[in-house]
Amino acid sequence: MSASGVLSFTQQGWEQVLAKVKRAVVYLDSACAESLHWGCGSTRLLEAVGGPDCHLREFEPDAVGGGAKQPKAVFVLSCLLKGRTVEILRDIICRSHFQYCVVVTAVSHAVHLTANHVPAAAAAEMEGQQPVFEQLEEKLCEWMGNMNYTAEVFHVPLLLASVAPHFALTPAFASLFPLLPQDVHLLNSTRPDKRKLGSLGDVDATALTPELLLQIRCLVSGLSSLCEHLGVREECFAVGSLSRVIAADLANYAPAKNRKKTAAGRASVVFMDRTLDLTGAVGHHGDNLVEKIISALPQLPGHTNDVMVNMIELTALQTEEENCNVVAPGCLAQSNDTTAKALWEALLNTKHKEAVMEVRRHLVEAASRENLPIKMSMGRVTPGQLMSYIQLFKNNLKALMNHCGLLQLGLATAQTLKHPQTAKWDNFLAFERLLLQSIGESTMSVVLNQLLPMIKPVTQRTNEDYSPEELLILLIYIYSVTGELTVDKDLGEAEEKVKKALAQVFCEESELSPLLQKITDWDSSINLTFHKSKIAVDKLFTSLRDIAGARSLMKQFKSVYVPGNHTHQASYKPLLKQVVEEIFHPERPDSIDIEHMSSGLTDLLKTGFSMFMKVSRPHPSDYPVLILFVVGGVTVSEVKMVKDLVASLKPGTQVIVLSTRLLKPFNIPELLFATDRLHPDLGF
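Just so you know, these numbers come straight off a predicted model, no measurement behind them. (Residues numbered from 1 in each chain as written. Predicted model: local features only at pLDDT ≥ 70, side-chain atom pairs only at ≥ 80, totals over all residues. Heavy atoms only, no water.)

Each helix and strand in the protein chain was counted, giving 28 helices and 14 strands. Its C-alpha radius of gyration of 26 Å places the protein chain within 12% of the 26 Å reference for a compact globule of 684 residues. For the C-alpha atoms alone, the extent of the protein chain along its principal axes is close to 75 × 75 × 60 Å. For the protein chain, buried positions account for 54% of its 684 residues. (Helix = DSSP H or I, 4+ residues; strand = E, 2+ residues; numbered from the N terminus. Rg over C-alpha atoms; globule rule 2.2 N^0.38 Å. Buried < 20%, exposed > 50% of the residue type's maximum accessible area, 1.4 Å probe, protein only.)

Set out below in structure tokens:
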């Protein structure tokens, strides 16, 4: 199996779509657009469409329909073909002149049967038939106004956005986030007294809402297709409560039964809940340039994993802010540029200092190849130095086109190095190191009292001080790294002081950011009273207590904090690192916290016999392929750590890291305080 299995899986899926788009108007939703963006690029789609005009449109209620000279449409959708999605399809088609419609869905027909409440036994009898798709094909012809027109509906597993050969994301599931103890109370509110859940440990598929269960099934369908592409039969393992539900669903996914019987290879798929370790997600330990780029630069509209790179420096326009929207932004994904792609992968796999030197080296080599008048300079790489190299390409259209991808990455680096957020990165890191020492030497109440003077209203803050959003990140760091708390009078009093200070700061903000609006449930600080603000902050601290207790059900992975001694300072040990070390432990112990999910009767019999006979249960290190899926997001540093760790512990093992999204520190508060965790919007 090739090392670029995730990339070939994505590209193979898109080739099936591209075969259908010639001279068509193409509508994409944002998740599929993101998969295309990282997998093969919009240029590839435009080439396949052909013709002088650009016919790419976002799939949305107000999307422009097809004109009289546009008889063909292709819709590429990441979601179920049901409810609101079908209504938007109908409305677009009814206001168009289409005679040929193709609808591609990333969700398999088997999941459409589940969504339409077809019993499992009846669904099994329909193998090879696709009644849901066939019914929609009839509807498409009806909406086009002639039953003799052509309609096609089929499934292509466009699950992944391939960031690197060993690393991919699932844009359609960017909002999927593990449950917290407070979610157990919400689930219990609809359950009879005799069936109340005691804790997250009691959560199984039957306890979840129908929407969340269906979202998980959509994900499992895509992962099953990936395993089919890789030619492996998977053994599923889980660390955490939501991961356990997902792993069990994949292990027992009925449509994959025949595939598993004939698969030549074997793989371990280990799911892990992000909430078990939020320290690494909000921390600034990662010495990685890409992490700093995605934290500093604004998000690319409609995307969850890429950023906007300001390209105005390569034009004749003045660099005033109002001109920034005149020029289309650059980005990090360079799927069609071999040199830029090689640089991107180098940036993912090297430390910050080596990465900026690599950017400089690539720019110097490109300028030399184009015979541009470059002045060599050694020593420390500065943003000004990088900009001087980039501007050599400014008035040379041929050189610009030859190295467009490289210049985007170069500009992203220069803009990040001089961004105020990058200077603050080191402040965060210094404070986090101080916190690690304080946690070992003091109680939680003392640590919170140290934070108190840093909570300042907007009128007293300088650029060096922390904003309310940044304070939330520090609080999440503190509670996650500390773990289970001993609740006493001192802690209660310290928390109350911090709560009052934060509530007051929220009220005095000149403008509430989108995150603070979500937390306070208020659009403006003008009408936000202290009482309302304090209620919101109390809820916030309930979530922080939940974060602190996230590992309470773990037997082995109880802590991510390593106390200091006379030779070493206190430090943070990522849970991902602990999990990977446990998987490849030379003595292969049966890990209590890495649970194996049985797939049917055979596995259950093995487990039963193992009580009387020596029958070994599957172990995640048994197979040549390890797929590690972090539910809730992963950082670039964590992906590099996993890759390096597996290479050192068991060389020859192929590791693939998958996750729902690429994380930067500010994502975590957004995900934690989302109100739709139990009731995700599935588009219907």
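Let us look at the state of the cysteines. In this structure the tally under the stated criterion is zero disulfides. Unpaired in terms of disulfides, Cys32 finds its nearest cysteine sulfur in Cys79, a separation of 7.9 Å. Classification of Cys32 as buried rests on a relative accessible area of 0%. Cysteine Cys40 shares no disulfide, and the gap to the nearest cysteine sulfur, in Cys32, comes to 12 Å. Owing to a relative accessible area of 8%, Cys40 belongs among the buried residues under this scheme. (Disulfide = S-S within 2.5 Å.)

Right, let's get into the pattern of salt bridges. As enumerated under the stated definition, the model contains 30 salt bridges in all. The closest approach of N and O atoms between Glu152 and Lys20, which form a salt bridge, is 2.7 Å. Within this pair, whereas Glu152 is found in strand β5 (residues 150-155), its partner Lys20 is found in the loop between α1 (5-18) and β1 (25-28), the two being separated by 132 residues in sequence. Residues Arg617 and Asp590 are paired through a salt bridge, measuring 3.3 Å at the closest nitrogen-oxygen approach. One end of the pair, Arg617, is in the loop between α26 (601-609) and β13 (625-631); the other, Asp590, is in the loop between α25 (575-583) and β12 (595-597), and 27 residues separate them in sequence. Residues joined by salt bridges that share partners form a network here, namely Glu496, Lys499, Lys534 and Asp538. (Salt bridge = Lys/Arg side-chain N within 4 Å of Asp/Glu carboxyl O.)

Attention now moves to the pairing of strand β8 (residues 232-239). The element β8 is extensively covered by neighbouring structure, given that seven of its eight residues are classed as buried. Strand direction decides the pairing type here: β8 and strand β9 (residues 265-273), joined by eight bridges, are parallel. Residue pairing across strands places Val232 opposite Gly265, the latter belonging to β9. Here three bridges tie β8 to β12, and the two strands are oriented antiparallel to one another. Directly across from Cys236, in β12, lies its bridge partner Met597. (Pairing = 2+ DSSP bridges.)

Tracing the backbone through its elements, the reader meets Met597 in strand β12. Separated by 197 residues in sequence, Met597 and Leu400 have C-alpha atoms that sit 53 Å apart.

Attention now goes to the packing of helix α19 (residues 420-441) against helix α20 (residues 444-451). Between α19 and α20, the shortest axis-to-axis distance is 9 Å and the interhelical angle comes to 150°. What the angle tells us is that α19 and α20 run roughly antiparallel. Crossing geometry of α19 relative to α20 is assigned as right-handed. Judged by residue contacts, Phe431, Leu435, Ser438 and Ile439 of α19 engage Val447, Gln450 and Leu451 from α20. For the contact of α19 with α20, a count of residues per class yields five nonpolar, two polar and no charged. (Axes fitted to C-alpha atoms, helices over the stretch in contact; angles between N-to-C directions. Parallel < 35°, antiparallel > 145°, perpendicular 65-115°, else oblique. Left-handed = near helix turned anticlockwise from the far one by under 90°. Contact = heavy atoms within 4.5 Å. Nonpolar A, V, L, I, M, F, W, Y, C, P; charged D, E, K, R; others polar.)

So, about α1. Its 14 residues place the ends of α1 20 Å apart at the C-alpha level, agreeing with the 20 Å of an ideal helix rising 1.5 Å per residue. Of the positions making up α1, those classed as buried are Gly5, Val6, Leu7, Phe9, Thr10, Gly13, Trp14, Val17 and Leu18. (Expected span 1.5 Å × (residues − 1).)

This part is about the sheet that holds strand β14 (residues 654-659). Here we have seven strands laid out as an open sheet, ordered β6-β7-β14-β13-β9-β8-β12, and mixed in their pairing. Each edge of the sheet is formed by a strand with only one pairing partner; in this case those strands are β6 (161-164) and β12. Each strand axis lies, on average, 25° off the axis of its neighbour in the sheet, ignoring direction. Two elements, β9 and β13, share seven bridges in a ladder whose sense is parallel.

Time to look at the sheet that holds β5. Read from one edge of the open sheet, five strands run β2-β1-β3-β4-β5, paired in parallel fashion. A single partner strand is all that each edge strand has here, and the edge strands are β2 (56-58) and β5. Neighbour to neighbour, the strand axes of the sheet diverge by 15° on average, direction disregarded. Across six bridges, the pairing between strand β4 (residues 100-105) and β5 is parallel.

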